[in-house]
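# Commentary on secondary and tertiary structure
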Amino acid sequence: MTALAAPRRRSFSFSTPIVYFVALVVVGLVLVPVVYIILGGFRTNSEITVDPAGFPVTWQIGNYLDVLASDVFWRQVANSAVSAIITTFFVVALGLMASFVLARYDFRGRGAMYALFTAGLMFPMTVAITPLYILIKNLGLTNSLAGVIIPQIAFALPVTIVILVPFLQAIPKELQEAAEIDGCSRIGFFWRMVVPLSKAAVVTVGILAFIASWNSYLLPLFILNNEDAYTLPLGVQAFASRYSVDTAKVLAFTSLSMIPALVFFSLFERRIVGGLTGAVKG
Amino acid sequence: MTSISDSPRIARAPHVDLEATGGDATATPPVRRRKPRGTSWRTRLEIAALAGPALIVFVTFVILPVALAAYYGFFSWAGYGPATDFVGLRNYVTILQDEAFIEALRHNVIIAVLSLVIQGPIAIGLALLLNRKMRGQSVIRVLIFVPYVISEVVVGLGWSLMLQSNGAANGFLEKLGLENLTQDWLSDPNLAIWSLLLIITWKYVGFAVILFLAGLQGIPDELSEAAAIDGASYWQVQRLVVLPLLGPTIKIWAFLSIIGSFQLFDLVYIIWGQYVSSTAGTSTMATYMVANGRNAGSYGYGNAVAVIMFLISLIIALLYQRFLLRRSTDGALTEKKTGKKS
């Protein structure tokens, strides 16, 4: 690759400025709404009314400080964090265990089990939400985070398994045989070899599960009616409708609510592409 | 390594096998296999212990609700107590005769088609761009994925504030001296669905780019290099070598995109609410379901809408798999050389 990079680069050099220009434009378009939300939080309401597309004249940090000082915001952050972390943990744990069985065991019904999980890709939560709500209600889990977490785990499993199974299948059989010769059971092989080796794919499915949970809207909308149990998306919406006149504060609340997922994602972005490579490769 | 490429085709009778693997995994009768040792009770116990929890959670909270929806769809039911008022197919007849539903379905179709047409070329172009060695590449990759990471609520709120008639979009146009271009982006029925498509593109194109990038990474550099040595230009290489090899990934993305379009709920519900969406021409089957089901207290009716949505998705999925996806899922899900530790 490196040996051949030189002739290639020469033919590229003409278009390079165009490439950077296109990239800049795209990044700009992507960032405009985000920047609008963040900057809006630094403005006053009268500024926003008079000049909706302007920059802050005097930077008001009051909006942000108000939000950061409110119990409501932090309670919703805590609810979202608890729900996302527990969801992610169980999605990874259950998904890895089931994928290990699907990838490394040979038994009747394996194909059917795999088909069942992949069919789950076609059952988005939207279809199941009404009966799911009734099920959760009958279990007495409405207004509790458990009522959100458990269905989230279930709905995240298909993607997790579709990504993990090819990854686990790619672990060479020789490794397993060597482990067996050394007296390692298959469960031991799972703990000592599979778990450490599949870290890249696990990080990918973990991030996807975390982000999906952090942003989840429809399920909490149905399950959580009590404001104390609200997660951030519901909280942002409730805040926006309650303080609809106070646009600046709404924008401050909104921008603070997106920080955790953004930080989490940018820390692991590289891993996402790496982990997906196995799953989408044709 | 054993291949499970046949698995998608065994989908015919999942329920039968489900009992065998889920509730009863330990009783699976011994079958012919390479390692007879593997049939021991210990292995069966391992399978049950490892796959059991995932199966139980999945069946209880994904499969069962879908089955329940099919059941409740035949009742007129307010959501509490046992459903006793059996109405047969009346819910379905009402839904299919309701112009509001047909309208919503039409919007879903428009969104599904235009999402493919708009996002596909943009995402492929960006993925090819970002697959090249360039400075700042990793930063750009992160930034392009940012909208996907932001929750629908934040996206909906931000965009609706920007696009409302006295919002930033019109304010910006006025600053440029283009007052006559200012519009009611969200409430004009001729424009609203385009605004929605703009927001959808903004939000989800990053996901397509990441998928395509992952697909591109799986294409060996040697192929493009060989073509380049044979005198192919950059565009010829992309068009004749890279794009065909990216085909399977594109098909998977298109599948996910179509299914997602038919289930679209969050953005519409957040931006337009349950009532405005129908007058603005952006209602979807899912917003129709929530507005006429849960919010109206008619849970039986809502379930019937869910069943119709599910059937539409299922038919699309089966057709897609039958005609387009089979070869590529076989490739994608069973590819031998995948998952190198990178």
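Note that the coordinates shown come from a computational prediction; the quantities given were computed from them, not determined experimentally.

## Notes on the overall build of chain A
In terms of regular secondary structure, chain A is built from 14 helices and zero strands. Its helices and strands in sequence order give chain A the pattern α-α-α-α-α-α-α-α-α-α-α-α-α-α, from N to C terminus. For chain A, buried positions account for 52% of its 282 residues. Put simply, 79% of the contacts in chain A that link residues at least 6 apart link residues at least 24 apart.

## Focus: the overall build of chain B
Looking only at helices and strands, one finds 13 helices and zero strands in chain B. Reading chain B from its N terminus to its C terminus gives the helix and strand order α-α-α-α-α-α-α-α-α-α-α-α-α. For chain B, buried positions account for 43% of its 342 residues. In chain B, once contacts between residues fewer than 6 apart in sequence are set aside, the share between residues at least 24 apart is 64%.

## Things to note about the environment of Thr284 of chain B
Residue and element names in this part refer to chain B. Of note, Thr284 is situated in the loop between helix 11 (266-280) and helix 12 (285-294). A residue is classified by how many C-beta atoms lie within 10 Å of it, and Thr284, with 27 of them, is buried. Sequence spacing of Thr284 and Asp98 is 186 residues, and the spatial spacing of their C-alpha atoms is 13 Å. Beyond its immediate sequence surroundings of up to four residues, Thr284 is in contact with Ala104, His107, Asn108, Leu264, Phe265 and Val268.

## Quick notes on the domain arrangement of chain B
All names here are of chain B. Partitioning chain B into structural domains gives domain 1 (7-72) and domain 2 (94-334). At the interface, five residues of domain 1 touch eight residues of domain 2. Class assignment of the residues belonging to the side of domain 1 that touches domain 2 gives a composition of five nonpolar, no polar and no charged.

## What about the packing of helix 9 (residues 221-229) of chain B against helix 10 (residues 234-262) of chain B?
Residue and element names in this part refer to chain B. In contact at an axis separation of 10 Å, helix 9 and helix 10 are set at 140 degrees when each is read in the N-to-C sense. By the angle between their axes, helix 9 is oblique relative to helix 10. Considering how the two elements wind past one another, helix 9 and helix 10 form a crossing that is right-handed. Residue-level contacts link Leu223, Ser224, Ala227 and Ala228 of helix 9 to Val237, Val241 and Val242 of helix 10. Grouping the constituent residues of the contact of helix 9 with helix 10 by class yields six nonpolar, one polar and no charged.

## Focus: the environment of Leu135 of chain A
Along the polypeptide, Leu135 of chain A turns up in helix 7 (residues 125-138). Leu135 of chain A gets classed as partly exposed once you count the C-beta atoms within 10 Å, which come to 19. Setting aside residues up to four positions removed in sequence, Leu135 of chain A forms contacts with Leu64, Pro65 and Leu68 of chain B.

## Regarding the environment of Glu174 of chain B
Residue and element names in this part refer to chain B. Mapping Glu174 onto the fold places it in helix 7 (residues 168-175). By C-beta crowding, Glu174 is classed as partly exposed, having 15 other C-beta atoms within 10 Å. Setting aside its immediate chain neighbours within four residues, Glu174 contacts Glu179 and Thr182.

## What about the packing of helix 5 (residues 137-149) of chain B against helix 8 (residues 192-217) of chain B?
Between two packed helices, what matters for the description is the angle formed by their axes and the separation of those axes. Residue and element names in this part refer to chain B. The N-to-C vectors of helix 5 and helix 8 enclose an angle of 125 degrees; their axes lie 7 Å apart at closest approach. Accordingly, the angle class assigned to the pair helix 5 and helix 8 is oblique. Of the two possible hands of crossing, helix 5 and helix 8 adopt the one that is left-handed. In this structure, helix 5 uses Ile144, Phe145, Pro147 and Tyr148 to contact helix 8, whose residues at the interface are Trp202, Lys203, Tyr204, Gly206, Phe207, Val209 and Ile210. Grouping the constituent residues of the contact of helix 5 with helix 8 by class yields nine nonpolar, one polar and one charged.

## Some remarks on the confidence of the model for chain B
Residue and element names in this part refer to chain B. Looking at chain B, pLDDT values average 75 and 81% of them are 70 or higher. When the elements of chain B are averaged for pLDDT, helix 1 (residues 14-21) gives the smallest value, 36, and helix 4 (residues 99-130) the largest, 89. Counting contacts from residues 1-38, a segment whose pLDDT is below 50, to residues more than four positions away or on other chains yields 63 contacts. A low-confidence stretch, residues 328-342 stays under pLDDT 50, and its non-local contacts, those more than four residues away or across chains, total 38 contacts.

## Comments concerning unusual backbone geometry
A negative phi holds for most residues other than glycine; trans holds for most peptide bonds. Unlike most non-glycine residues, Asn143 of chain A shows phi in positive territory, near 65 degrees. Here Asn143 of chain A lies in the loop between helix 7 and helix 8 (145-169).

## Details of helix 10 of chain B
Here helix 10 of chain B contains 29 residues, and its C-alpha end-to-end distance of 37 Å is more than 12% below the 42 Å for a straight helix at 1.5 Å per residue. Maximum bend of helix 10 of chain B: about 50 degrees, positioned at Gly247 of chain B, with proline Pro248 of chain B one to four residues after it.

## Side note on the nonpolar core
With 180 residues, the main nonpolar core has Ile153 and Leu157 of chain A together with Ala51, Val209, Phe212, Val305 and Met309 of chain B as its most contacted residues. A total of 17 residues in this core trace back to one element, the largest contributor, which is helix 8 of chain A. A domain-level breakdown of this core finds at least three residues from each of domain 1 (7-72) and domain 2 (94-334) of chain B. Every residue in contact with Leu157 of chain A, bar those within four places of it in the chain, is listed here: Val91, Leu94, Gly95, Phe117 and Gly120 of chain A together with Ala54 and Phe58 of chain B.

Rules used throughout
- Residues numbered from 1 in each chain as written.
- Chains lettered and ligands numbered in written order.
- Predicted model: local features only at pLDDT ≥ 70, side-chain atom pairs only at ≥ 80, totals over all residues.
- Helix = DSSP H or I, 4+ residues; strand = E, 2+ residues; numbered from the N terminus.
- Buried ≥ 20, exposed ≤ 12 C-beta atoms within 10 Å, placed from the backbone.
- Contact = placed C-beta atoms within 7 Å.
- Domains from an automatic or database assignment.
- Nonpolar A, V, L, I, M, F, W, Y, C, P; charged D, E, K, R; others polar.
- Axes fitted to C-alpha atoms, helices over the stretch in contact; angles between N-to-C directions.
- Parallel < 35°, antiparallel > 145°, perpendicular 65-115°, else oblique.
- Left-handed = near helix turned anticlockwise from the far one by under 90°.
- pLDDT = per-residue confidence, 0-100.
- Expected span 1.5 Å × (residues − 1).
- Bend = angle between axes of the 7 residues up to and from the residue.
- Core = buried A, V, L, I, M, F, W, Y, C linked by C-beta atoms within 7 Å.

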